[in-house]
Amino acid sequence: MLSPFAGRAHTRAGEATTEARKLEQRLQQSERLKALGTLAAGIAHEIRNPLATINFNTQMLRRELELLPAQQEMLEDVFEQIRKMDRIIQQVLHFARPRDPQFVPGSLNEVVRHCLDMSKMYLIKAHAEVSVDLQPDLPPTVMDFNQICQVLMNLIINSVEAMPGGGKLRISTSLDQEQGQIFDIHDSGIGILDEDKGRIFDPFFTRKPEGTGMGLSISRQIIEKHGALMELASIPGEGTTFRLIFPVGTSPRPAVPDQPPEPSAKTVQGVKTKKKK
Ligand SMILES: Nc1ncnc2c1ncn2[C@@H]1O[C@H](COP(=O)(O)OP(=O)(O)O)[C@@H](O)[C@H]1O
Ligand SMILES: [Mg+2]
């Protein structure tokens, strides 16, 4: 298969100019996002306490009132909306004040297996036809297992949401001598419009009626803290590939050396797992 990331044959000078321009754009964007994050966190913080009061009092009402079924249902709706607001607040605070990664030597394949195991039922229900192709013998890499898992789960959920009636999901890891360890997730979903490609990593950018627009912004933040890269290739109407690149030799230093990698390997069921030759 032709890689969607192939065809980067530029001259060295051209590459340097493009890289410099990209870096400048990223710096401007990161300043803008920082300001947006600070503002959003301020608002989220202010909303948190009143929301807790609403939640508490609504729970009291549920206990004390004898409600008709229709009224009961209305109250359940209120609880659901409270939970949604709480989730948004958590995500905004998480984005604005990210937790520092706990770097530990770990295995990229292990994170992938763990996330697939966690999302197994979700993928079956979504009629996602999953194929997995993991590069054997990947060297250990330094990472925060839970944070990388959070990124992978965000990517998996986005892929599934891009294939409303089901579709094909391809997940792989590979090793590129120059670039490093690569994780790819490809879906046969609706794809991303060119005009959206620059904005999907912005906090609150969403095309979904129930979306929060926080998944990719948090994910990219985590990936950057790992000294890794997130790339995307997408064709509207055909599908999307997200790629994570963990460069060789630039891994962050482990906070706790000699610690064994987190959780033990679990077999992936319900998905087709194939070994690379
Ligand atoms: N795999 C994908 N296929 C198509 N669109 C995607 C994909 N992943 C992300 N997107 C687009 O990026 C937007 C932002 O994603 P995200 O930050 O996870 O927020 P949310 O999922 O809440 O909308 C989505 O609303 C969607 O438009
Ligand atoms: Mg999402």
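Our structure's up above, just so we're on the same page.
Residues numbered from 1 in each chain as written. Chains lettered and ligands numbered in written order. Predicted model: local features only at pLDDT ≥ 70, side-chain atom pairs only at ≥ 80, totals over all residues. Heavy atoms only, no water.

1. Thoughts on unusual backbone geometry
Under the convention used in this document: Helix numbering and strand numbering both begin at the N terminus, where a helix is a DSSP run of H or I of at least 4 residues and a strand a DSSP run of E of at least 2. Buried residues are those whose accessible area, probed at 1.4 Å on protein chains only, stays under 20% of the maximum for their type, while exposed residues exceed 50% and partly exposed ones sit between those limits.
Its identity as a non-glycine residue notwithstanding, His 127 has a phi of 55°, on the positive side. Residue position: His 127 is located in the loop between α4 (120-125) and β2 (128-134). Note on His 127: relative accessible area 60%, which makes it exposed. In this structure, Phe 204 is a non-glycine residue whose phi angle is positive, near 75°. Looking at the secondary structure, you find Phe 204 in the loop between α6 (194-197) and α7 (215-225). Taking the relative accessible area as the measure of exposure, Phe 204 reaches 38% and is therefore partly exposed.

2. Examining the site of ligand 1
For clarity, the threshold we go by: Definition of nearness: a residue and a molecule or strand are near each other if at least one heavy atom of the residue lies within 4 Å of the molecule or strand. In protein, a polar contact requires one atom able to donate a hydrogen and another able to accept it; more generally it is a pair of N or O atoms within 3.5 Å, and residues adjacent in sequence count only if both atoms are side-chain atoms. Shrake-Rupley sampling with a 1.4 Å probe provides the accessible areas, and residues are treated as covered by the protein chains on show and by no other component. A cavity here means a set of points on a 1 Å grid, drawn over the protein atoms and nothing else, where a 1.4 Å probe fits but cannot get out; a pocket is an open set with protein on both sides within 12 Å along at least five of seven lines, and a residue lines either one if it has an atom within 4 Å of a point. Think of it this way: a molecule belongs to a cavity or pocket when more than half its atoms come within 2 Å of the grid points there. Throughout, the ten residues Ala, Val, Leu, Ile, Met, Phe, Trp, Tyr, Cys and Pro are labelled nonpolar, Asp, Glu, Lys and Arg are labelled charged, and all others, Gly among them, are labelled polar.
The environment of ligand 1 is made up of 20 residues, and the closest members are Asn 158, Thr 206, Lys 208, Gly 213 and Leu 216. Interatomic distance of 2.9 Å between a side-chain N/O atom of Asn 158 and an oxygen atom of ligand 1. Thr 206 has a polar side-chain atom sitting 2.5 Å from an oxygen atom of ligand 1. Burial of ligand 1 by the protein chains amounts to 93% of its free accessible area of 530 Å². Because more than half of its atoms lie within 2 Å of the grid, ligand 1 is assigned to the second largest pocket. With three residues, helix α5 (residues 145-161) is the single largest residue contributor to the shell around ligand 1. Classifying every residue of the shell around ligand 1 gives seven nonpolar, nine polar and four charged.

3. Details of the packing of aromatic side chains
Test applied: The aromatic pairing rule takes the rings of Phe, Tyr and Trp, using the six-membered ring of Trp, and pairs them if the centres are within 6.5 Å, calling planes under 30 degrees apart stacked, those over 60 edge-to-face and the rest tilted. Comment: the charge-over-ring label is applied if NZ (Lys) or CZ (Arg) is within 6 Å of the ring centre and within 35 degrees of the ring normal.
What the rule picks out here adds up to zero aromatic pairs. In this structure, Arg 220 packs its charged tip against the face of Phe 201, placed 4.5 Å from the ring centre.

4. Description of the nonpolar core
As a rule of thumb, nonpolar side chains are buried together in soluble globular proteins. Note the threshold: Buried residues of nine kinds, namely Ala, Val, Leu, Ile, Met, Phe, Trp, Tyr and Cys, make up a nonpolar core once their side-chain atoms join them within 4.5 Å. Boundaries between domains were set according to an automatic or database domain assignment. Any two residues whose heavy atoms approach within 4.5 Å are treated as being in contact.
Counting 53 residues, the largest nonpolar core has Phe 183, Phe 242 and Leu 244 as its most contacted members. Of the residues forming this core, the biggest block, nine residues, is contributed by α5. Composition of this core by domain shows at least three residues from each of domain 1 (12-96) and domain 2 (104-275). Dropping the residues within four chain positions of it, Phe 183 is found in contact with Leu 108, Val 112, Leu 152, Leu 155, Ile 171, Ser 172, Thr 173, Phe 242, Arg 243 and Leu 244.

5. Focus on the pairing of strand β7 (residues 239-247)
Put simply, the rule reads: Two strands form a pair only when DSSP identifies at least two bridges running between them.
With respect to burial, β7 is a largely interior element, eight of its nine residues being buried. Examined bridge by bridge, strand β5 (residues 180-187) and β7 share eight bridges and lie antiparallel to one another. The residue bridging His 186 from the neighbouring strand is Thr 241, located in β7. Connecting strand β6 (residues 229-235) to the next strand, β7, in antiparallel fashion are three residues, including Gly 237 with a positive phi near 85°.

6. Things to note about the pairing of strand β4 (residues 167-176)
Of the pairings in the sheet, the one linking β2 to β4 comprises six bridges and is parallel in character. Residue pairing in the sheet places Glu 129 in a bridge with Lys 168 of β4. In this antiparallel pair of consecutive strands, β4 and β5, the connection spans three residues.

7. A closer look at empty space enclosed by the protein
Just so we agree on the cut-off: Grid points are joined across faces, edges and corners, and a volume is the space filled by probe spheres set on the points.
On inspection of all chains with the given rule, the structure shows three cavities of 30 Å³ or more. Looking at the largest cavity, its volume works out to about 50 Å³. What lines the largest cavity is His 94, Pro 98, Arg 99, Gln 147, Ile 218, Gln 221, Ile 222 and Lys 225. Considering every element that reaches the lining of the largest cavity, the biggest residue donor is α7, with four residues.

8. Here we look at the layout of surface pockets
Taken as a whole, the second largest pocket encloses approximately 1000 Å³ of empty space. Along the wall of the second largest pocket there are 36 residues; nearest its centre are Asn 158, Glu 161, Thr 206, Lys 208 and Gly 211. Looking at the lining of the second largest pocket, the elements with two or more residues in it are α2 (69-96), α5, α7 and β7. Top element by residues in the lining of the second largest pocket is α2. It accounts for seven residues. The residue inventory of the lining of the second largest pocket, partitioned by class, reads 12 nonpolar, 15 polar and nine charged. Each of two domains, domain 1 (12-96) and domain 2 (104-275), supplies a minimum of three residues to the lining of the second largest pocket.

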